Amino acid sequence: MGLLEAETVLSILGGSTSQSEIGCTVHFKFWKRLDQLLISCSSLLLKIHPVLHVSLLKKAITSDVVEGSLPQELELDLQDQFVPQSIQATCSITGHAHRRPNEQNLFGIVQGGLDPVLRDICVRGLMDRNLPGYAIGGLAGGEDKDSFWRVVAQCTAALPEDKPRYVMGVGYPLDIVVCSALGADMYDCVYPTRTARFGTALVPEGVLKLKHNAMANDTCPIDPTCGCMVCKNYTRAYIHCLVTKDAMGSQLLSYHNLYYMMKLSRDLHSSIVEERFPEFVCDFLQKMFPKGDVPEWVCNAMEVAGIDISSCCSPFHQVRQVAGMDLLKAGLIDQD
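Here the structure is a predicted model, which is why all the values come from computation and not from measurement.

### Here we look at the overall build of the protein
Reasoning step 1: Looking only at helices and strands, the protein has 14 helices and seven strands in total.
Reasoning step 2: Restricting the contact set of the protein to residue pairs at least 6 apart, pairs at least 24 apart contribute 59%.

Take a look at the structure:
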């Protein structure tokens, strides 16, 4: 954000600043003050004019994604009141938040929490504006996985297939594969580098915790099948020594994790182009769940996506899944 835009944001929030306060040497002071102003004024601005609250801030920071945000400090019993208001704001601001279609692709964010009715209302409102792409927001925030995949499935099924569909905040490899099967195209998350800072590496079997003492004498690479620079040159034992003492360990793990995610994305994309995506999914699940204990929510999501993963599940697990679906069809258990 430039100095002019920074002053604009503060003016919107009712504050004031001088050039010296936002100079290069005191940016921390400015951002701390801005954060305090945002927290104190967010609820008031949203109540007075939710469209102005969102559109002016997004315009000031030249954001490509527009949404109506809920103040995090709101009590849970008030969120039922503000979720519909946020949806209305989201749909309203897309018409005038950015007026530069030749310079930016404006994605509207589908809101609605875990309520399918509110999600449907928001989807229809955004599609009426014929945007270049659509994002699915409000997920990856601690909801249960069964609710997570159902919202993604609902939104991707309703959104146009010829426009990018972006699931915000999703970065777990398993989540990405499942959401791709349900029709999503784009994702973003800090997970690969954040988990690296905690000494964890991403591998086809899931995760490898390099801080554990068992890694102290392990001379294998992080992933013998990986072609990244880290796996070619360093052992688990060496990185274990680093992650417990030196920041270089986190940097090496970040490099590896990003390489893993890039390869996963390339392989996923190639399998779709070459029309072998179901085989890719089965191979991915077999490596991550060699005992066949694929989570039930994954099985349910793949059934909706039309992908047969029975070869990835143990016989006992398959019987349990079939029994559960029979009970569901018979109306003996609730779908949610």
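### Examining the nonpolar core
Reasoning step 1: Leu-174, Val-281, Leu-285 and Ile-309 are the most contacted members of the largest nonpolar core, which has 50 residues in total.
Reasoning step 2: Among the secondary structure elements, those contributing two or more residues to this core are helix H5 (116-127), strand S3 (133-136), helix H6 (145-158), helix H7 (173-181), helix H11 (247-273), helix H12 (277-288) and helix H13 (296-305).
Reasoning step 3: For this core, the element with the highest residue contribution is H12, accounting for seven residues.
Reasoning step 4: Those residues in contact with Val-281 that sit more than four places away from it in its chain are Val-177, Met-302, Ile-307 and Ile-309.
Reasoning step 5: Leu-208, Cys-231, Val-243 and Leu-252 belong to the second largest nonpolar core, which has 16 residues in total.

### Let's talk about the pairing of strand S7 (residues 206-209)
Successive side chains on a regular strand alternate, one facing one side of the sheet and the next facing the other.
Reasoning step 1: Across four bridges, the pairing between strand S6 (residues 200-203) and S7 is antiparallel. Residue pairing for S7: Leu-202 is matched across the bridge by Val-207.

### As for H11
Reasoning step 1: Taking 1.5 Å of rise per residue, 27 residues should cover 39 Å, and H11 covers 39 Å from first to last C-alpha, within 8% of that figure.
Reasoning step 2: If you check which residues of H11 are buried, you get Gly-249, Ser-250, Leu-252, Leu-253, Ser-254, His-256, Asn-257, Tyr-260, Met-261, Leu-264, Leu-268 and Ser-271.
Reasoning step 3: Count one or two residues on from H11 and you reach Glu-275, which has phi positive near 60°.

### Description of the pattern of salt bridges
Reasoning step 1: Here the structure, examined in full by the defined rule, presents eight salt bridges.
Reasoning step 2: For Arg-124, the salt bridge is made with Asp-120, and the minimal N-O distance between the two is 2.2 Å. Residue Arg-124 and its partner Asp-120 are located together in helix H5, separated by four residues, close to a single helical turn.
Reasoning step 3: Its relative accessible area of 44% is what places Arg-124 among the partly exposed residues.
Reasoning step 4: Judged by its relative accessible area of 31%, Asp-120 falls in the partly exposed class.

### Description of H6
Reasoning step 1: End to end, H6 covers 20 Å across 14 residues, agreeing with the expected 20 Å (1.5 Å per residue, within 8%).
Reasoning step 2: Looking at the packing, one finds that the buried side of H6 touches strand S2 (107-110), H5, S3, strand S4 (165-167), H7 and H13.

### A closer look at unusual backbone geometry
Reasoning step 1: The backbone of Ala-140 sits at a positive phi, close to 60°, despite the residue not being glycine.
Reasoning step 2: Among the secondary structure elements, Ala-140 is positioned in the loop between S3 and H6.
Reasoning step 3: In the Ramachandran plot, Glu-275 falls in the positive-phi region, its phi being about 60° despite a non-glycine side chain.
Reasoning step 4: Structurally, Glu-275 can be placed in the loop between H11 and H12.

### Things to note about the packing of aromatic side chains
Reasoning step 1: Evaluated as defined, the whole model comprises five aromatic pairs.
Reasoning step 2: On the numbers, 6.5 Å between centres and 25° between planes, the contact of Phe-280 with Phe-284 is stacked. With Phe-280 and Phe-284 both in helix H12 and four residues apart, the pair spans about one turn of that helix.
Reasoning step 3: Sitting above the plane of the Phe-148 ring, Lys-145 keeps its charged end 5.0 Å from the centroid.

### Here's the deal with the packing of H5 against H6
Reasoning step 1: At a minimum axis distance of 10 Å, the contact between H5 and H6 shows a crossing angle of 30°. Here H5 lies roughly parallel to H6, going by the angle between them. In terms of crossing hand, the pair formed by H5 and H6 is right-handed. Where H5 approaches H6, its residues Pro-116, Arg-119, Asp-120, Val-123 and Met-127 are matched on the opposing element by Val-151, Gln-154, Cys-155 and Ala-158.
Reasoning step 2: Residue composition of the contact of H5 with H6, by class: six nonpolar, one polar and two charged.

### Re the environment of Leu-285
Reasoning step 1: Structurally, the position occupied by Leu-285 is in helix H12.
Reasoning step 2: It is 8.3 Å that separates the C-alpha atoms of Leu-285 and Leu-174, two residues lying 111 residues apart in sequence.
Reasoning step 3: Setting aside its immediate chain neighbours within four residues, Leu-285 contacts Leu-174, Val-298, Ile-309 and Cys-312.

### A closer look at the environment of Pro-164
Reasoning step 1: Along the chain, the position of Pro-164 falls in the loop between H6 and S4.
Reasoning step 2: Once residues lying within four places of it in the same chain are set aside, the contact partners of Pro-164 are Phe-107, Pro-132, Gly-133, Tyr-134, Asp-185 and Met-186.

### Some remarks on the side chain of Arg-165
Reasoning step 1: For Arg-165, the position within the fold is in strand S4.
Reasoning step 2: By relative accessible area, Arg-165 is classed as buried at 9%.
Reasoning step 3: A distance of 2.8 Å separates the side chain of Arg-165 from the backbone oxygen of Thr-156, its partner in a polar contact.
Reasoning step 4: If we skip the residues at most four places from it in the chain, Arg-165 touches Tyr-134, Thr-156, Leu-159, Pro-160, Gly-183, Ala-184, Asp-185 and Met-186.

### Brief notes about the confidence of the model for the protein
Reasoning step 1: Looking at the protein, the pLDDT average stands at 78 and 64% of residues meet or exceed 70.
Reasoning step 2: In the predicted structure, residues 1-28 sits below a pLDDT of 50 and forms 38 contacts with residues beyond four places in sequence or in another chain.

What counts and what doesn't
Residues numbered from 1 in each chain as written. Predicted model: local features only at pLDDT ≥ 70, side-chain atom pairs only at ≥ 80, totals over all residues. Heavy atoms only, no water. Helix = DSSP H or I, 4+ residues; strand = E, 2+ residues; numbered from the N terminus. Contact = heavy atoms within 4.5 Å. Core = buried A, V, L, I, M, F, W, Y, C linked by side-chain atoms within 4.5 Å. Buried < 20%, exposed > 50% of the residue type's maximum accessible area, 1.4 Å probe, protein only. Pairing = 2+ DSSP bridges. Expected span 1.5 Å × (residues − 1). Salt bridge = Lys/Arg side-chain N within 4 Å of Asp/Glu carboxyl O. Phe/Tyr/Trp six-rings, centres within 6.5 Å; stacked < 30°, edge-to-face > 60°. Lys NZ or Arg CZ within 6 Å of the ring centre and 35° of its normal. Axes fitted to C-alpha atoms, helices over the stretch in contact; angles between N-to-C directions. Parallel < 35°, antiparallel > 145°, perpendicular 65-115°, else oblique. Left-handed = near helix turned anticlockwise from the far one by under 90°. Nonpolar A, V, L, I, M, F, W, Y, C, P; charged D, E, K, R; others polar. Polar contact = N/O pair within 3.5 Å; in protein donor to acceptor, adjacent residues only side chain to side chain. pLDDT = per-residue confidence, 0-100.

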